[in-house]
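# Coordinates in review
What follows is the residue order along each chain.
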Amino acid sequence: MSLDQISLTRPDDWHLHLRDGPILERVLPATARCFGRAIIMPNLKPPVTTVQQAGDYRDRIVRATPGDSCFEPLMTLYLTDNTPPDEIYRAAECEFIHAVKYYPAGATTHSDSGVTNLGNVAAALAAMQDAGLPLLLHGEVTDLDIDIFDREAVFIKRHLARLIDDFPDLRMVLEHVTTAEAVEFVLAAPAHIGATITAHHLLLNRNAMFEGGLRPHYYCLPIIKREKHRQALIDAATSGSPKFFLGTDSAPHPKHAKESDCGCAGVFSAPVAIELYAEVFESVGALDRLEAFASFHGPDFYGLPRNRDSITLKRQAWCVPESFELGRTNSPDGAAVAIVLRAGTAISWQLADD
Ligand code: DOR
Ligand code: ZN
């Protein structure tokens, strides 16, 4: 069956980096054009560690939201070794904070204030379990003796089973899963353990990072894995299991910061995200499962209502622009651009204007 258009209940993005300042204003419309809500990552500089900071950041996002959009930011707190349980209880009381994000210190972009040892956050995790606030995991170890391609699998083995044992009622999302081990673990875990999957980890295997030369725009963390893992992710996303839901991890960086001798991790996918998920689902004959993955499983997991309106995707090839204006940044020449996933290539699905 080949459909020329599909309608979906409006989807949400359960893992998004919006940044701050002028970049926020540029990148937010790319998400608000299609997603109803998004879980907003707190890895700003300095990180969003308090309810007050999350509220201020939320105000800046609301101010930057295009007037014709009803986009709702779902805020998160950044967990540190010193997050007081009281702050967790305050966050749980506050209607706009929906989760707390765990970054292992040093694992990725702006994670230097992250957790140095899970033992240091036991009281905060107990408070989250008690108050019903979910924990979002950047599930990688950072030990220098662990190969970068094994960081997620080792995190699962060393820490995740133990975390579930220690905090049996704590809702957790293993973010941006990249391995067959993660899929297997999440499937076998209790119902309150879920996972998000990005479009880029569904589309690319690690060869993409080296195709004809070094491709910095495919560098992200957790790093893209070999083909058998991509296949496991596709199986999970299209399985219909309510444990897996859409989280783009769209993470814009100026082009010059990625094309550098120490380039930043992050794939900027928001302007093409829903279209690329459609492409992946169609490639395995599972377009009929896209709506549940993109629009139902996330709100059901978070205990939020599903969106009531819908979006339409048309089968109409279009070419992704070569670059995306980020506006004023501290780049050497004042203005910066970002490179969108699949820049300069054709995509077969397009979001229809309402
Ligand atoms: O590739 C990534 N980029 N992974 C992360 O965990 C953070 C993100 C970012 O903020 O740029
Ligand atoms: Zn992320």
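Keep in mind the model is a prediction, meaning the values are calculated, not measured.

We now examine helix 1 (residues 21–32). Taking 1.5 Å per residue as the helical rise, helix 1 with its 12 residues ought to reach 16 Å, and the 17 Å between its terminal C-alpha atoms agrees with that figure. Within helix 1 the residues assigned to the buried category are I23, L24, V27, L28, A30, T31 and A32. Buried residues in helix 1 make contact with strand 2 (13–16), strand 3 (37–40), helix 2 (51–64) and strand 11 (324–328).

The subject of this paragraph is the site of ligand 1. Close contacts around ligand 1 come from H17, R19, N43, T108, T109, H138, C220, L221, A251, H253, A265 and G266, and that covers them all. G266 has a polar backbone atom sitting 3.2 Å from an oxygen atom of ligand 1. Among the residues making up the shell around ligand 1, the classes are represented as 4 nonpolar, 7 polar and 1 charged.

This paragraph deals with the environment of P299. The topology assignment puts P299 in helix 11 (residues 290–302). Along the sequence, P299 and E152 sit 147 residues apart, while their C-alpha atoms lie 25 Å from each other. With residues up to four places along the chain from it excluded, the contact list for P299 reads D12, W14, R37, L304, P305 and R306.

Three or more residues of helix 6 (residues 180–188) are buried, namely A182, V183, F185 and V186. For helix 6, the angular spread of the buried residues around the axis is 165°, confining them to a single face. For helix 6, the exposed residues set more than 90 degrees away from the buried face come down to E184 and A188. Where helix 6 is buried, its residues meet helix 5 (151–166), strand 7 (172–174), strand 8 (193–197), helix 8 (227–237) and strand 9 (244–246).

Paired through backbone hydrogen bonds, the strands of a sheet run either parallel or antiparallel to each other. If you walk across this open sheet you meet the 8 strands as 2-3-4-5-6-7-8-9, and the pairing is parallel. What marks the edges here is a single partner per strand, and that holds for strand 2 and strand 9. Going from strand to strand, the sheet's axes swing by 30° on average, the running direction of each strand aside. The sheet strands contacting helix 2 are strand 3, strand 4 (72–78) and strand 5 (97–102), and the helix crosses strand 4 at an angle near 150°.

This part covers the confidence of the model for the protein chain. If pLDDT is low for a region, its predicted coordinates should not be looked at in detail. Across the protein chain, the average pLDDT comes to 96, with 97% of residues at or above 70. Mean pLDDT across the elements of the protein chain ranges from a minimum in strand 11, with 88, to a maximum in strand 8, with 99.

Under the defined criterion, the tally for this structure stands at 14 salt bridges. Between D309 and R10 there is a salt bridge, with the nearest N and O atoms lying 2.9 Å from each other. In this pair, D309 sits in the loop between helix 11 and strand 10 (310–319) while R10 sits in the loop between strand 1 (5–9) and strand 2, placing the two residues 299 residues apart along the sequence. With relative accessibility at 9%, the residue R10 sits in the buried group. With a closest N to O distance of 3.3 Å, D143 and R158 form a salt bridge.

On to the packing of aromatic side chains, then. Counting across every chain of the model gives 10 aromatic pairs. Aromatic pair F245 and F301: ring centres 5.4 Å apart, planes at 40°, arrangement tilted. Here F245 is found in strand 9, whereas its partner F301 is found in helix 11, with 56 residues between them in sequence. With a centroid separation of 6.4 Å and an interplanar angle of 70°, the aromatic rings of F245 and Y302 are classed as edge-to-face. Residue F245 is found in strand 9, and its partner Y302 is found in helix 11; the two are separated by 57 residues along the sequence. Following the ring pairs from residue to residue traces out a cluster consisting of W14, F245, F301 and Y302. Geometry around F149 places R206 over its ring, the cationic atom sitting 4.7 Å from the centre. Across the ring face of F296, the terminal group of R306 is positioned such that the distance to the ring centre comes to 4.0 Å.

A word on the environment of A232. Mapped onto the fold, A232 is located in helix 8. For A232 and D150, which are 82 residues apart along the polypeptide, the C-alpha to C-alpha distance reads 16 Å. Apart from the residues within four sequence positions on either side, A232 is in contact with A180 and V183.

Membership of the largest hydrophobic core comes to 104 residues, with the highest contact counts inside it found for L160, L174 and L290. The element that contributes the greatest number of residues to this core is helix 10 (residues 273–283), accounting for 7 residues. In this structure, L160 is in contact with L137, F155, M172, L174 and F185, ignoring residues within four places of it in sequence. In terms of nonpolar packing, the next biggest core, distinct from the first, is built from 12 residues, M41, A99, F245 and Y302 among them.

Moving on, we get to the sheet that holds strand 1. Spatial strand order, 1-10-13: 3 strands in an open sheet with antiparallel pairing. Unpaired on one side and paired on the other, strand 1 and strand 13 (346–351) mark the two borders of the sheet. Geometrically, the sheet is characterised by an average inter-axis angle of 35° between neighbouring strands, direction not taken into account. Across 5 bridges, the pairing between strand 1 and strand 10 is antiparallel. Bridge pairing in strand 10 links Q5 to K314. Helix-sheet contacts for helix 10 involve strand 1, strand 10 and strand 13, and the interaxial angle to strand 13 is about 115°.

What counts, and at which threshold
- Residues numbered from 1 in each chain as written.
- Chains lettered and ligands numbered in written order.
- Predicted model: local features only at pLDDT ≥ 70, side-chain atom pairs only at ≥ 80, totals over all residues.
- Heavy atoms only, no water.
- Helix = DSSP H or I, 4+ residues; strand = E, 2+ residues; numbered from the N terminus.
- Expected span 1.5 Å × (residues − 1).
- Buried < 20%, exposed > 50% of the residue type's maximum accessible area, 1.4 Å probe, protein only.
- Contact = heavy atoms within 4.5 Å.
- Near = heavy atom within 4 Å.
- Polar contact = N/O pair within 3.5 Å; in protein donor to acceptor, adjacent residues only side chain to side chain.
- Nonpolar A, V, L, I, M, F, W, Y, C, P; charged D, E, K, R; others polar.
- Arc of directions from axis to C-beta.
- Pairing = 2+ DSSP bridges.
- Axes fitted to C-alpha atoms, helices over the stretch in contact; angles between N-to-C directions.
- pLDDT = per-residue confidence, 0-100.
- Salt bridge = Lys/Arg side-chain N within 4 Å of Asp/Glu carboxyl O.
- Phe/Tyr/Trp six-rings, centres within 6.5 Å; stacked < 30°, edge-to-face > 60°.
- Lys NZ or Arg CZ within 6 Å of the ring centre and 35° of its normal.
- Core = buried A, V, L, I, M, F, W, Y, C linked by side-chain atoms within 4.5 Å.

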